[in-house]
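# Tertiary structure, described
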Amino acid sequence: MTIRKYAALLRGINVGGNKKVPMAELRTVLAGLGHTDVETYLQSGNAVFATASKKTPEDLARELEAAIEAHFGFRVPCLVVDGPYLRAVADACPFPAAELEGKQLHATFCSEQPAESRFASIDGPAYLPEEYRVGDRVIYLYAPNGLGRSKLGEALAKPAVVKGLDVTSRNWNTVAKLVELTGA
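Being a predicted model, the structure only gives us computed values, none of them experimental.

## Thoughts on helix α2 (residues 57–72)
Helix length check: α2 (16 residues) gives 22 Å between terminal C-alpha atoms against 22 Å at 1.5 Å per residue, within 8%. Buried within α2 are the following residues: Leu60, Ala61, Leu64, Glu65, Ala67, Ile68 and Phe72. Buried positions along α2 lie against β1 (4–10), α1 (23–32), β3 (46–51) and β4 (78–82). Trailing α2 by a residue or two, Gly73 shows a phi angle of about 90°, which is positive.

The structure is reproduced here in structure tokens:
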């Protein structure tokens with residue numbers, strides 16, 4: 001029996017008092033699905049768990065979404081990724097992560113690979129010094145003044161880019177911590 005570690009990335013919880021998901025209850029929900037070694041990181045919807053299930057990450061995400069809706073009474077989009085994928089995202093970062101503050105670098109995880117045509121309306125040079133690069137189901141964003149002030153971040157979040165995708169962003173400190181927690 002092979003046990004793998006995964007990270008569950010929940011989108012849009014515990015922001016401005018909306019969609020409150022206490023982390024202790026999230027751990028209980030994950031354990032109720034049969035997962036072990038459940039940990040949460042911060043209050044923004046990051047959980048790590050181990051499972052011997054042979055389900056795909058997509059199936060694990062749908063199962064978690066259904067369990068959250070049953071427990072809390074509202075839908076929360078979830079992405080589930082395994083440790084090796086997180087390590088690959090970190091290793092493939094096109095920006096000098098070690099030289100930047102965690103708030104300057106973000107990874108937006110996508111439920112599927114976004115087609116290059118989604119980015120046609122974004123004039124990259126107009127947003128400099130901010131920059132983005134597309135990786136394997138991830139959009140890397142370098143925003144020197146943080147995501148909250150990022151005009152490029154706003155452009156990348158528009159429906160022309162993300163419509164039909166489940167996406168959720170994490171700063172680089174969180175990405176690094178999730179790599180560590182999944183043992184990747």
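## Here we look at the packing of helix α3 (residues 83–91) against helix α6 (residues 172–181)
For the pair α3 and α6, the least separation of the axes is 9 Å and the interaxial angle reads 140°. Between α3 and α6, the angle is such that the two are oblique. In this structure, α3 meets α6 at a crossing whose hand is left-handed. Facing Leu86, Arg87, Val89 and Ala90 of α3, the residues of α6 in contact are Trp172, Leu178 and Val179. In the contact of α3 with α6, the residues fall into 6 nonpolar, no polar and 1 charged.

## A look at the sheet that holds strand β8 (residues 167–171)
Here 4 strands make up an open sheet; going across it, the order is β6-β7-β5-β8 and the pairing antiparallel. Looking at strand neighbours, the two that pair on one side only are β6 (131–134) and β8, the edges of this open sheet. Ignoring which end each strand starts from, the neighbouring axes of this sheet average 20° apart. Strand direction decides the pairing type here: strand β5 (residues 105–110) and β8, joined by 5 bridges, are antiparallel. Paired with Thr108 across the bridge in β8 is Ser169. Those strands touched by α3 are β5 and β7 (138–142), and its axis lies near 40° from that of β7.

## Some points on the side chain of Asp82
In this fold, Asp82 is placed in strand β4. Since its relative accessible area comes to 13%, Asp82 is described here as buried. Those residues in contact with Asp82 that sit more than four places away from it in its chain are Arg4, Lys5 and Tyr6.

## Examining the pattern of salt bridges
In total, this model carries 10 salt bridges according to the counting rule given. Ionic pairing is found between Asp91 and Arg87, a salt bridge with its closest N-O pair at 3.2 Å. With Asp91 and Arg87 both in helix α3 and 4 residues apart, the pair spans about one turn of that helix. On the basis of relative accessibility, which here comes to 57%, the residue Asp91 falls in the exposed class. It is possible to trace a salt-bridge network through shared partners that takes in Arg62, Glu65, Arg75 and Asp166.

What counts, and where the lines are drawn
- Residues numbered from 1 in each chain as written.
- Predicted model: local features only at pLDDT ≥ 70, side-chain atom pairs only at ≥ 80, totals over all residues.
- Heavy atoms only, no water.
- Helix = DSSP H or I, 4+ residues; strand = E, 2+ residues; numbered from the N terminus.
- Expected span 1.5 Å × (residues − 1).
- Buried < 20%, exposed > 50% of the residue type's maximum accessible area, 1.4 Å probe, protein only.
- Contact = heavy atoms within 4.5 Å.
- Axes fitted to C-alpha atoms, helices over the stretch in contact; angles between N-to-C directions.
- Parallel < 35°, antiparallel > 145°, perpendicular 65-115°, else oblique.
- Left-handed = near helix turned anticlockwise from the far one by under 90°.
- Nonpolar A, V, L, I, M, F, W, Y, C, P; charged D, E, K, R; others polar.
- Pairing = 2+ DSSP bridges.
- Salt bridge = Lys/Arg side-chain N within 4 Å of Asp/Glu carboxyl O.

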